[in-house]
Amino acid sequence: MIETLQVIPAATLRAAATVLRHGGRYQLTAMFANDERVINGNFAIYAIFFSKEDAAYKTIKAIIKQDEPLEFPSLTPLMAAAAWYEREIHDLFGLTPVGHPDLRPLVLHENWPQGRYPLRKDFNPASLESGERTQYLVPPVQGEGVFEVPVGPIHAGIIEPGHFRFSQAGENIINLEAKLFFTHRGIEKSVEGLSFSKALLQTERICGVCSVANTLSYVQAVERLAGTEVPVRAEYVRVLAAELERLYNHVGDIGNLCAGLGFAPGTSNGSRLKEQLMRLNERLTGNRFLRGWITLGGVTMDITREMVQDISQLLAGIMSELGELTGLLRDNDAFLDRVNTTGILPEQAVLDLGVVGVAARASGVDVDVRRDFPYAAYSRLTFDVPVYTKGDVAARLWVRADEAVESIKLIGQLLAGLPSGKLTSKLGSVEPYQAAFSVTESPRGSNLHWLMAGENNTIYRYFVRSASYPNWPALTVAVPGNIIPDFPLINKSFELCYACLDR
């Protein structure tokens, strides 16, 4: 994998991004800001691009001097994927993307005081008072017979809050506005100044279902900063954890999707198989979400022969029953009538918005970090990456089903070839104000963690871009043209996370 860093004045950011985007070879995968005034007197905008063809990441660092106007040219008119990133930068740092078409608050809600920017280093949360409540503007849809249906932010299920406003004409949805970030926890702020080991506890808890992926991204970024080489056996065990996480999520998501259209046999069987896998997780690590297994420099627990036998026996049964479940779905005409051609996400929308993971591969975009930018032991293993082209609910379902089968095969392969050796390496000292990032493939897609070290092996700046972050805007593209009763089905086919946004 090739990585490069280009440092430029902020005024030339759009021109530099245009060069990278020429021909569509490089895609924006993350964008964020950093308050580096105590280091060099500047703010900085980081835009990270990737190219599967070149097996490369390229980072543009745009410098904004503190005595200059705190602004930069917006990339959103050039690439829609930048829209949310720039709104978040504006909210959290007070840096203005000039030319952005929609600078409504994204992360900070209506009662946040004006002129207070929580990710600046001089922000003092102890002095924060509630501001005057402002109105959140929702773009109207007008016309004869058009009406709005508000849903949330409080829902009937046990899920985090999110507000969805549907504009409709008759039964057909014309537009969907999603308002999220209701329970933002400020994790990126709270870890500032913490040691790498203490911050790991926060990282593991960003999201329940992506605990392994988040932890793996974080520790790999720290290990790169420290120049630490992880033992080969530990790399295999890390892949085992990642694939067990992918497997229980995909199996559970298949059941959840069935719940979106009231197909009880699929729902109950998906839930039953997921429960078996999560009980396996608990037997292996003492935690149903596999927390505490991956650590800085390696892993905390080994795999015994008895564990290998337990895993192999359970997964053999899961493989058989998963085949029966997907066979039941593929042969059910009533089920197929609901999922085929529903909630279509076009391939061009995937490319424009930087959509990742299952949602991208279901729309014909063949990208998987495990294969294209391999990490841990993935380069030593062989597996297929399922890709479908229709971009509908059915395609997202079949990608998950096929990936679950591949995960079972991958686990069998790595258990058969598990090398001997130690489990951890000592973490070296990290030079202050050096930065590194790591990308892993979570059950929902690529997951990027960027880290700048502070003094004495602490964190100066931590940025997390979960797979759900670029995928939420895609939901608002897939829903119009469908009917409201199909929204739960479409939503569950993306299976996006609120907690991953509220980091």
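Relevant structure appears above.
Residues numbered from 1 in each chain as written. Predicted model: local features only at pLDDT ≥ 70, side-chain atom pairs only at ≥ 80, totals over all residues. Heavy atoms only, no water.

Caption draft 1: Quick peek at the overall build of the protein. Counting its secondary structure elements, the protein contains 16 helices and 14 strands. Rg of the C-alpha trace for the protein: 23 Å, near the compact-globule value of 23 Å for 503 residues, within the 12% margin. Dimensions along the principal axes, computed over C-alpha positions, put the protein at roughly 65 × 65 × 45 Å. Of all 503 residues assigned to the protein, the portion counted as buried reaches 56%. Considering only intrachain contacts with a sequence separation of at least 6, the fraction spanning at least 24 residues in the protein is 68%. (Helix = DSSP H or I, 4+ residues; strand = E, 2+ residues; numbered from the N terminus. Rg over C-alpha atoms; globule rule 2.2 N^0.38 Å. Buried < 20%, exposed > 50% of the residue type's maximum accessible area, 1.4 Å probe, protein only. Contact = heavy atoms within 4.5 Å.)

Caption draft 2: The arrangement of the sheet that holds strand 12 (residues 435–442) in detail. If you trace the three strands from one edge of the open sheet to the other, you get 12-13-14, paired in antiparallel fashion. Two strands in the sheet have a free side with no partner beyond their single neighbour: strand 12 and strand 14 (459–465). Taken over all neighbouring pairs, the strand axes of this sheet differ in orientation by 15° on average, direction set aside. Relative to strand 14, strand 13 (residues 445–453) runs antiparallel, the two being bridged by six bridges. Each residue of the ladder has a partner; that of M452, found in strand 14, is R461. (Pairing = 2+ DSSP bridges. Axes fitted to C-alpha atoms, helices over the stretch in contact; angles between N-to-C directions.)

Caption draft 3: Structural context of empty space enclosed by the protein. Following the criterion strictly, the structure yields five cavities of 30 Å³ or more and no others. Computed from the structure, the largest cavity encloses a volume of approximately 60 Å³. At five residues, the largest contribution of residues to the lining of the largest cavity is made by helix 3 (residues 82–93). Classifying every residue of the lining of the largest cavity by side-chain character gives ten nonpolar, no polar and two charged. (1 Å grid on protein atoms, 1.4 Å probe; cavity = no way out; pocket = protein on both sides within 12 Å on 5 of 7 lines; lining within 4 Å. Points joined across faces, edges and corners; volume = space filled by probe spheres on them. Nonpolar A, V, L, I, M, F, W, Y, C, P; charged D, E, K, R; others polar.)

Caption draft 4: A look at the side chain of S425. Within the secondary structure layout, S425 lies in the loop between helix 14 (393–416) and strand 12. Among the residues examined, S425 registers a relative accessible area of 14% and is labelled buried. A distance of 2.8 Å separates a polar atom in the side chain of S425 from the backbone oxygen of E229. With residues near it in sequence (within four places) discarded, S425 still touches T228, E229, V230, P231, L296 and G297. (Polar contact = N/O pair within 3.5 Å; in protein donor to acceptor, adjacent residues only side chain to side chain.)

Caption draft 5: The arrangement of the pattern of salt bridges in detail. Taken as a whole and judged by the stated rule, the model has 36 salt bridges. Put simply, D35 and R37 hold a salt bridge, and the shortest N to O gap is 2.7 Å. Of the charged contacts, one joins D310 and R283 as a salt bridge, the two residues approaching to 2.8 Å between their closest N and O atoms. With D310 in helix 9 (residues 305–330) and R283 in helix 8 (residues 264–285), this pair connects stretches of sequence that are 27 residues apart. Given a relative accessible area of 23%, D310 falls into the partly exposed group. Since its relative accessible area comes to 45%, R283 is described here as partly exposed. Three or more residues joined by partner-sharing salt bridges are found here, namely E243, R246, R361, D368, R370, E403 and E441. (Salt bridge = Lys/Arg side-chain N within 4 Å of Asp/Glu carboxyl O.)

Caption draft 6: View of the packing of helix 8 against helix 9. The N-to-C vectors of helix 8 and helix 9 enclose an angle of 170°; their axes lie 11 Å apart at closest approach. The orientation of helix 8 relative to helix 9 falls into the category roughly antiparallel. Facing helix 8, whose interface residues are P265, G266, N269, G270, R272, L273, Q276, L277, L280, R283 and L284, helix 9 presents M307, D310, I311, L314, L315, I318, E321, L322, L325 and L328. (Parallel < 35°, antiparallel > 145°, perpendicular 65-115°, else oblique.)

Caption draft 7: Structural view of the sheet that holds strand 4 (residues 56–65). Spatially, the four strands line up as an open sheet ordered 1-4-3-2, and their pairing is mixed. Strands with a single pairing partner mark the edges of an open sheet, and in this sheet they are strand 1 (2–9) and strand 2 (27–36). Going across the sheet, the axis of each strand differs from the next one's by a mean of 20°, ignoring polarity. Taken strand by strand, helix 3 contacts strand 2 and strand 3 (42–51), and its axis lies near 10° from that of strand 2.

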